[in-house]
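Understanding the architecture of this molecule
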Amino acid sequence: MRTAVSLFTGCGGSDAGIINAGFNILMANDILPYAKDTYLANHPETDYVLGSVSKIETFPSSDLLVGCYPCQGFSQGGVRAANRTINYLYLDFARALNVIKPRAFIVENVSGMVRSNYRHLLEDQIKVFTEAGYKVKYKVLNAADYGVAQERKRIFIVGIRNDYDIEYTFPTPTHGTELNPYRTIEDAILDLPEWPEGEFYDLDFHWYYMSRDRRRDWKEVSKTIVSNPRHMPLHPLSPTMTKLGDDKWAFTTETRARRFSYREASRLQGFANDFVFPETKNASLNMKYKVVGNAVPPPLFEAVAKALPNIWD
Ligand SMILES: C[S@@+](CC[C@H](N)C(=O)[O-])C[C@H]1O[C@@H](n2cnc3c(N)ncnc32)[C@H](O)[C@@H]1O
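All of these numbers come straight from a predicted model, not from anything done at the bench. (Residues numbered from 1 in each chain as written. Predicted model: local features only at pLDDT ≥ 70, side-chain atom pairs only at ≥ 80, totals over all residues. Heavy atoms only, no water.)

1. Here's the deal with the overall build of the protein
Along the protein, the regular secondary structure elements total eight helices and nine strands. The C-alpha radius of gyration computed for the protein amounts to 20 Å, which stays within 12% of the reference 20 Å derived for 313 residues, consistent with globular compactness. Over its C-alpha atoms, taken along the principal directions, the protein stretches across nearly 60 × 45 × 40 Å. The long-range fraction of contacts in the protein, counting pairs at least 24 apart against all pairs at least 6 apart in sequence, stands at 70%. Working note: accessible area of the protein is about 14,200 Å², and carbon and sulfur atoms make up 50% of it. Both charge centroids of the protein, one from 37 positive and one from 37 negative side chains, sit 4 Å from each other. (Helix = DSSP H or I, 4+ residues; strand = E, 2+ residues; numbered from the N terminus. Rg over C-alpha atoms; globule rule 2.2 N^0.38 Å. Contact = heavy atoms within 4.5 Å. Areas by Shrake-Rupley, 256 points an atom, 1.4 Å probe, with all protein chains shown as cover. Lys, Arg positive; Asp, Glu negative; His and termini not counted. Charge placed at Lys NZ, Arg CZ, Asp CG, Glu CD.)

Spelled out as C-alpha cells, the structure:
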C-alpha cells in the first residue's frame, strides 16, 4: 500500500482525504493535545507523535509527505505579521522533505499567502522545495468546487520528485454545474437537531460579528468555517441580517439566532457523519471548534491527492 507521513496533522482533515485516496499514514504529528485525541479516536492505527515538529529528528520513509503548517501570519482571521516565527514552520516541513525524499508532497495553506506582502514567504517555500529536488506547482482552490458545502479558498503546493519526469496537474472542479450542483448547507446538516444545546457557542454577537452578514440560507453554500467560535457563521434558522451602514448589520427579527455547532461545522468541512469528538481531559467546546476549523476539508484534500500521477510502482 502507498504510504504517507503527515505533519501539522491537526485532527486529521487532510489525512482523512489521503486515507480515502488510498494511503496508509505511517506517522502524524501536532503540538495540540486535543488534535491528537480526536485523530486517534477516529484513526487509532496511526503513530501520532505529540509535540513540536522541530523536536522530531527521524521520520519514517514514505511515498508521500503532507503538511499544512499554521497560517496565523497570513490568515484574514488571524493577526497578520509576515515576520512571525510561526510563518517559518515550512522550514521544518522542508527538513522532513530532505530527510524522507518522498515521491511527492502536498502542502495546504491559506490563500492570503499569495498577497504581495507575504509573496516573499511563498516564493521562499517554492525555492526550498525546488532545491530539495521537486517540480513544484501551486494553485488556489475553492472547496465548494470539490463537493464541500462551504466556500473555502486555500492554496495548495504540490511537488513531484525530479526523477519522475512528470508535472502535477490540479484536479478540475467536480461541482457547480447544472448536472452536478454545489453541495449546500441543507445537504450537509439538515438531519441534525435544530438546537443542540452545549454544542454551539452561545455568547453575544459582538460589534465585530455584527459588522458583516454572517448568514447563508439552507440552499446556499456555507461561508468559511473558522477555528474561533466567536466568528463562526450563523445557522440558517437564525433571522436574516440587514445592512444598517458601513460595517454595521442587524438581525431583521427578534427570533433567537445561533452559530453553527462544532458538529455542524465538521459536516460543512466534509468530515464523515460519524466523525468522533472524544470527551478526553483536553476536550472543551472551544477545542472542538478549533480542531474542526483548522482542518482541511477531507474531500478537497482527497481530490488533490487523487490527481497525483501514477508514480507509485
Ligand atoms: C492548519 S492546522 C492543520 C490542520 C490539519 N492539516 C487538518 O486537516 O486537520 C495547523 C496545525 O499546526 C499545528 N502546529 C503549530 N505549531 C506546531 C509545531 N511547532 N509543531 C507541530 N505542530 C504545530 C497546530 O496545532 C495546528 O493543528
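From this point, the discussion proceeds with the structure in view.
2. Regarding the nonpolar core
One recurring pattern in soluble globular proteins is that nonpolar side chains are buried together. Ranked by size, the top nonpolar core spans 56 residues in total, and within it Ile18, Leu64, Ile106, Phe156, Leu268, Phe301 and Leu308 carry the most contacts. With residues near it in sequence (within four places) discarded, phenylalanine 301 still touches Ser14, Gly17, Ile18, Val66, Cys68, Ile106, Glu108, Phe156 and Val296. In terms of nonpolar packing, the next biggest core, distinct from the first, is built from 28 residues, Val5, Val53, Leu65 and Phe93 among them. (Core = buried A, V, L, I, M, F, W, Y, C linked by side-chain atoms within 4.5 Å. Buried < 20%, exposed > 50% of the residue type's maximum accessible area, 1.4 Å probe, protein only.)

3. Topic: the pattern of salt bridges
This structure, assessed with the given rule, holds 17 salt bridges. The residue arginine 258 makes a salt bridge to glutamate 264 at a minimum N-O spacing of 2.7 Å. By the burial criterion, arginine 258 is buried, and glutamate 264 matches it. Residues participating in the shared-partner salt-bridge network are Glu197, Asp202 and Arg256. (Salt bridge = Lys/Arg side-chain N within 4 Å of Asp/Glu carboxyl O.)

4. Some remarks on helix H3 (residues 90–100)
Three or more residues of H3 are buried, namely Tyr90, Asp92, Phe93, Ala94, Ala96, Leu97 and Ile100. The inward-facing, buried residues of H3 contact strand S1 (2–7), strand S4 (64–67), strand S5 (104–110), helix H4 (119–131) and strand S6 (134–142). Directly beyond the C-terminal end of H3, a positive phi value near 50° is found at lysine 101.

5. Notes on the pairing of strand S7 (residues 153–161)
Counting buried positions over the nine residues of S7 gives eight, a clear majority of the element. Pairing between S6 and S7: nine bridges, direction antiparallel. Its bridge partner being in S7, valine 140 is matched across the sheet by isoleucine 155. (Pairing = 2+ DSSP bridges.)

6. Section: the packing of aromatic side chains
One pair of aromatic rings is described through two measures. These are the centre distance and the angle between the planes. On inspection of all chains with the given rule, the structure shows 19 aromatic pairs. Between the aromatic rings of phenylalanine 105 and phenylalanine 129, the centroid separation amounts to 4.9 Å while the plane-to-plane angle is 65°, which identifies the pairing as edge-to-face. With phenylalanine 105 in strand S5 and phenylalanine 129 in helix H4, this residue pair connects regions lying 24 residues apart in the sequence. Among the aromatic side chains, those forming a connected cluster through ring pairs are Phe8, Tyr69, Tyr90, Phe93, Phe105, Phe129 and Tyr134. The ring of phenylalanine 23 has arginine 2 sitting right over it, with the charged end atom 5.0 Å from the ring centre. We note arginine 214 situated over the ring of tyrosine 209; from NZ or CZ to the ring centre the distance is 4.7 Å. (Phe/Tyr/Trp six-rings, centres within 6.5 Å; stacked < 30°, edge-to-face > 60°. Lys NZ or Arg CZ within 6 Å of the ring centre and 35° of its normal.)

7. Details of the site of the ligand
What surrounds the ligand is a group of 20 residues, the closest being Gly13, Ser14, Asp30, Val53 and Val296. Between the ligand and glycine 13, the relevant distance is 3.0 Å, taken from an oxygen atom to a main-chain nitrogen or oxygen of the residue. Here the ligand has 600 Å² of accessible area as a free molecule, and 91% of this is covered by the chains. Breaking the shell around the ligand down by element, the ones donating at least two residues are helix H1 (13–20) and strand S2 (23–30). (Near = heavy atom within 4 Å. Polar contact = N/O pair within 3.5 Å; in protein donor to acceptor, adjacent residues only side chain to side chain.)

On their own, these measurements won't tell you what the molecule is for.
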